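Architecture and fold: a report
Listed below are the residues making up each chain.
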Amino acid sequence: MRPKVAVLFKMKSGPLKELERYTDVEILLYPSVEELGEKIAEFDGIIVSPLNPIPREVIEKAERLKVISCHSAGYDHVDVKAATERGIYVTKVSGWLSEAVAEFAVGLMIALLRKIPHTDRFIRAGEWKSHRVVWSRFKEIETVYGKTVGILGMGAIGKAIARRVKALGTEVVYWSRSRKPDIEEDVGARYLPLEEVLQRADIIVLALPATPETYHIINEERLKLMEGKYLVNIGRGTLVDEKAVVRALKEGKLKGYATDVFEREPVTKHELFGMEWTTVLTPHYAGLSKEAMEDMGFQAVRNLLAVLRGEVPKDLVNREVLKVRPPEEVKML
Ligand SMILES: O=C(O)C(=O)CO
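Residues numbered from 1 in each chain as written. Predicted model: local features only at pLDDT ≥ 70, side-chain atom pairs only at ≥ 80, totals over all residues. Heavy atoms only, no water.

Keep this limit in mind: UniProt positions are given in the numbering used here, feature names are shortened, and annotations may be inferred rather than shown by experiment.
By the naming in an unreviewed UniProt entry, the protein chain goes by D-isomer specific 2-hydroxyacid dehydrogenase and is assigned to Pyrococcus yayanosii. Note on the protein chain: under the UniProt heading Sequence similarities (unreviewed entry), the record states "Belongs to the D-isomer specific 2-hydroxyacid dehydrogenase family."

**With respect to the pattern of salt bridges**
Where we set the bar: Salt-bridge detection follows one rule: a side-chain nitrogen of Lys or Arg within 4 Å of a carboxyl oxygen of Asp or Glu. Elements are defined by DSSP. Helices are runs of H or I of four residues or more, strands are runs of E of two residues or more, and each kind is numbered from the N terminus. Buried, partly exposed and exposed residues are distinguished by accessible area as a fraction of the type maximum, computed with a 1.4 Å probe on protein chains only: under 20%, between the cut-offs, and over 50%, respectively.
Tallied over the full model, the rule gives 29 salt bridges. Residues Asp24 and Arg2 are paired through a salt bridge, measuring 2.9 Å at the closest nitrogen-oxygen approach. Taken together, the positions of Asp24 in strand 2 (residues 24-27) and Arg2 in the segment before strand 1 (4-7) put the pair 22 residues apart, joining distant regions of the chain. The class of Asp24 is partly exposed, set by a relative accessible area of 38%. Residue classification places Arg2 among the partly exposed positions, given a relative accessible area of 37%.

**Topic: the sheet that holds strand 1**
Defined as follows: Two strands qualify as a pair provided DSSP detects at least 2 bridges between them. Here the axes come from fitting lines to C-alpha atoms, over the contacting stretch only for helices, and the angles between their N-to-C directions go from 0 to 180 degrees. By definition in these notes, contact holds between two residues if any of their heavy atoms fall within 4.5 Å.
Spatial strand order, 2-1-3-4-5: five strands in an open sheet with parallel pairing. Two strands in the sheet have a free side with no partner beyond their single neighbour: strand 2 and strand 5 (89-91). Each strand axis lies, on average, 15° off the axis of its neighbour in the sheet, ignoring direction. Packing of helix 13 (residues 290-308) onto the sheet brings it into contact with strand 1, strand 3 (45-48), strand 4 (67-70) and strand 5, and relative to strand 4 it is tilted by some 165°.

**Comments concerning the site of the ligand**
How we decide: We define proximity as follows: a residue is near a molecule or strand when any one of its heavy atoms falls within 4 Å of that partner. Throughout this description, a polar contact denotes any pair of N or O atoms lying within 3.5 Å of each other; where both atoms belong to protein, one of them has to be capable of donating a hydrogen while the other can accept it, and for residues adjacent in sequence the pair is counted only when both atoms sit in side chains. Computed with a 1.4 Å probe, the accessible areas rest on the Shrake-Rupley method; for each residue, only the protein chains presented here act as cover. Side-chain classes are defined by residue name, with Ala, Val, Leu, Ile, Met, Phe, Trp, Tyr, Cys and Pro counting as nonpolar, Asp, Glu, Lys and Arg as charged, and the others, Gly among them, as polar.
Around the ligand, a shell composed of Ser72, Ala73, Gly74, Leu97, Arg236, His284 and Gly287 is seen. With respect to the ligand, the backbone of Gly74 contributes an N or O atom lying 2.7 Å from an oxygen atom. Here the ligand has 230 Å² of accessible area as a free molecule, and 91% of this is covered by the chains. A per-class count over the shell around the ligand returns two nonpolar, four polar and one charged.

**Details of the domain arrangement of the protein chain**
How we decide: For each domain, the first and last residues come from an automatic or database assignment. Once two parts are put together, the accessible area they lose, assessed with a 1.4 Å probe and summed over both, is termed the buried area.
For the protein chain, the domain assignment lists domain 1 (4-92 + 291-330) and domain 2 (97-281). On a C-alpha basis, the centroid separation for the pair domain 1 and domain 2 is 32 Å. Each partner contributes residues to the interface: domain 1 has nine residues there, and domain 2 has six residues. Here domain 1 meets domain 2 over a buried area of about 560 Å², counting both sides, of which 65% is carbon and sulfur. Inspection of the domain 1/domain 2 interface yields one salt bridge. We note a salt bridge from Arg236 to Asp76, for which the minimum N-O separation is 3.0 Å. Here the side of domain 1 that touches domain 2 is built from residues that sort into five nonpolar, two polar and two charged.

As structure tokens, this is what we get:
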């Protein structure tokens, strides 16, 4: 019997065709938790985007499910603990996506320090009446060149950011769950305790996954160590206590905040919206590029098929699942 697989978002046609070669595919576009709960027992695998929450209540009804393949680097929308308990493999993607997100992080950093969105608004508002007005209005602009960049999280995305900012003429310091000798050798990145990274760096970049341990990792206390610094977030909104960030910006302690992610998404109203001078805000699309989406689709399909073939997929999130249900027990292909 061919495995039955559901795709819960609009995946690119190339990867979809590849998936259809080996499985019977149903497209269920962005089902509610209730709708998915009613259907989930039919599937051997699902491919999900970050906009598809997969909570415990869905996983508990997933009688046949063997794999949840995330079409993203983040997997906080999936209850991984519940999946592991049921022997369901959870996978993520990296590759092109990491490069796309890292490139975006650098874009945000440059936009924030060089005030590019601000000057764009300025010129469109017809305010460029003289060069003098430009020089006086934007005289506080700073370069990224010459700064120390502190990266929190040195996974694939953190490393891709480190390589890029090094090329911009910065020093790189980092904190991560474990030391990464490869990036230390490649770009001379220095590993430091978290608090020291916050103190040493001029620009702090958040490239961590959202987990219970990283929730509000940038809080009131830590913001006190970041006076006069810039913060860039391409990880997840929950990495920062947004209320504390707003306060630090209002009090002129934090110099600027550029973020692609928010504690609640999507968002149509936020205190940060009114803080035009000190923030750059984008709608969680750092990974969104034509090339990355295609590559992510193929990776997500490969990961899903690997599990159904009884192999250990490259980007397995929950390695503990191997003890709960070994690969040969999920093999269908
Ligand atoms: O892949 C992810 O998790 C992203 O959020 C990309 O921006």
